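# Topology and contacts: notes
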Amino acid sequence: QMQLAESRGGLVQPGGSLRLACAASGSTFSTYHMAWYRQAPGKQREFVARITRGSHTMYADSVKGRFTISRDNAKSTMYLQMNSLEPEDTAVYLCNGATILSAVGQTNSGSWGQGTQVTVSS
């Protein structure tokens, strides 16, 4: 059982940058595949980026080239560096982890954080 806690969300102007953090505890972080999802009001939860326990990465087309996912196993923390932010990026950003790759993103599998709000507005 792993607990996750997102932080470092906030309000930024279009074109700005933000770096989210997801702190893990309760399990061996290095054995977990990790991912970022986001959900805006009235929309379904959307995949953003994934980083496996072997540090292979994958991104949604909508954020490719602008966002960078990374992890620091020594700190049991995952990050999402967000650059060139647009109003469409406004959402609650959620941290997710699972030991089985196919379980990543599943509502009732793995672990989820409480979310951190990102608002992009002028």
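An account of the accompanying structure is given in this report. (Residues numbered from 1 in each chain as written. Predicted model: local features only at pLDDT ≥ 70, side-chain atom pairs only at ≥ 80, totals over all residues. Heavy atoms only, no water.)

### Some details on the packing of aromatic side chains
Scanning the entire structure with this criterion turns up two aromatic pairs. Centre to centre, the rings of Tyr 37 and Phe 47 are 5.6 Å apart; their planes meet at 70°, and the pair counts as edge-to-face. Linking Tyr 37 in strand 4 (residues 33–39) with Phe 47 in strand 5 (residues 46–51), this pair joins segments that are ten residues apart in sequence. Overall, Phe 47 belongs to the partly exposed group, its relative accessible area being 23%. In this arrangement the basic side chain of Arg 19 is found over the ring face of Tyr 79, its NZ or CZ atom lying 4.0 Å from the centre. Of note, Arg 45 hangs over the ring of Tyr 37, and the distance from its end group to the ring centre comes to 5.8 Å. (Phe/Tyr/Trp six-rings, centres within 6.5 Å; stacked < 30°, edge-to-face > 60°. Helix = DSSP H or I, 4+ residues; strand = E, 2+ residues; numbered from the N terminus. Buried < 20%, exposed > 50% of the residue type's maximum accessible area, 1.4 Å probe, protein only. Lys NZ or Arg CZ within 6 Å of the ring centre and 35° of its normal.)

### Topic: the pattern of salt bridges
Here the idea is simple: oppositely charged side chains can pair when their charged atoms come close. All told, the structure shown has five salt bridges when counted by the stated rule. The partner of Arg 66 in a salt bridge is Asp 89, with the nearest N and O atoms 2.8 Å apart. With Arg 66 in the loop between strand 6 (57–59) and strand 7 (67–72) and Asp 89 in the loop between strand 8 (77–82) and strand 9 (91–98), the pair connects residues that are 23 residues apart, well separated along the chain. A network of salt bridges, in which partner residues are shared, links Arg 38, Glu 46, Arg 66 and Asp 89. (Salt bridge = Lys/Arg side-chain N within 4 Å of Asp/Glu carboxyl O.)

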